[in-house]
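Topology and contacts: notes
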Amino acid sequence: MQKGSAVTVIERIMKVNEGEQLGTVFNAQPKILPMPVEIGGNLKAEITQIIVVDMSNPESAYYEWFNEAKNANILKPLAEPWI
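Residues numbered from 1 in each chain as written. Predicted model: local features only at pLDDT ≥ 70, side-chain atom pairs only at ≥ 80, totals over all residues. Heavy atoms only, no water.

Helix and strand counts for the protein chain come out as two helices and two strands. The N-to-C order of helical and strand elements in the protein chain reads α-β-β-α. Buried positions account for 5% of the 83 residues belonging to the protein chain. Taking as baseline every contact in the protein chain between residues at least 6 positions apart, the subset at least 24 positions apart corresponds to 5%. (Helix = DSSP H or I, 4+ residues; strand = E, 2+ residues; numbered from the N terminus. Buried < 20%, exposed > 50% of the residue type's maximum accessible area, 1.4 Å probe, protein only. Contact = heavy atoms within 4.5 Å.)

A contiguous nonpolar surface patch, about 390 Å² in accessible area, is contributed by Ile51, Tyr62, Trp65 and Phe66. By the secondary structure assignment, Phe66 is in helix α2 (residues 63-66). The partly exposed category is assigned to Phe66, whose relative accessible area is 31%. (Patch = residues over 30% accessible without salt bridge, like charges linked within 9 Å, V, L, I, M, F, W, Y side chains within 5 Å. Areas by Shrake-Rupley, 256 points an atom, 1.4 Å probe, with all protein chains shown as cover. Salt bridge = Lys/Arg side-chain N within 4 Å of Asp/Glu carboxyl O.)

Here the structure, examined in full by the defined rule, presents two aromatic pairs. Relative to Phe66, the ring of Trp65 has its centre 6.3 Å away and its plane inclined at 50°; by these criteria the two rings are tilted. A connected cluster of aromatic rings, assembled from ring pairs, spans Tyr62, Trp65 and Phe66. (Phe/Tyr/Trp six-rings, centres within 6.5 Å; stacked < 30°, edge-to-face > 60°.)

Let us now look at the pairing of strand β2 (residues 43-47). With five bridges connecting them, strand β1 (residues 35-40) and β2 associate as antiparallel partners. Bridge assignment links Gly40 to a residue of β2, and that residue is Leu43. Count of turn residues in the β1/β2 antiparallel hairpin: two residues, of which Gly41 carries a positive phi of about 60°. (Pairing = 2+ DSSP bridges.)

It is worth spelling out the side chain of Ser60 at this point. Positionally, Ser60 belongs in the loop between β2 and α2. Looking at Ser60, the relative accessible area reads 14%, which means it is buried. A distance of 3.2 Å separates a polar side-chain atom of Ser60 from the backbone nitrogen of Asp54. Apart from residues lying up to four places away in sequence, Ser60 is in contact with Val53 and Asp54. (Polar contact = N/O pair within 3.5 Å; in protein donor to acceptor, adjacent residues only side chain to side chain.)

Below is the structure:
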């Protein structure tokens with residue numbers, strides 16, 4: 001974690017400890033974790049952790065963890081195209 005990011009986190013924790021309500025991004029409602037989710041059919045999962053990374057900033061915390069994965073969901077052919 002970058003020094004500036006750590007300071008921001010500490011400041012936010014101190015505000016919460018003082019009773020201040022923090023705003024949410026995009027007016028999103030907080031969810032309690034772990035959170036069960038049904039993906040479809042009989043497939044179920046449980047979200048236990050969420051990591052938010054600013055992929056537009058190479059200096060962002062955890063950026064290096066996900067740099068290679070940011071384009072991983074782009075479909076690539078399995079083999080040579082057939083005619």
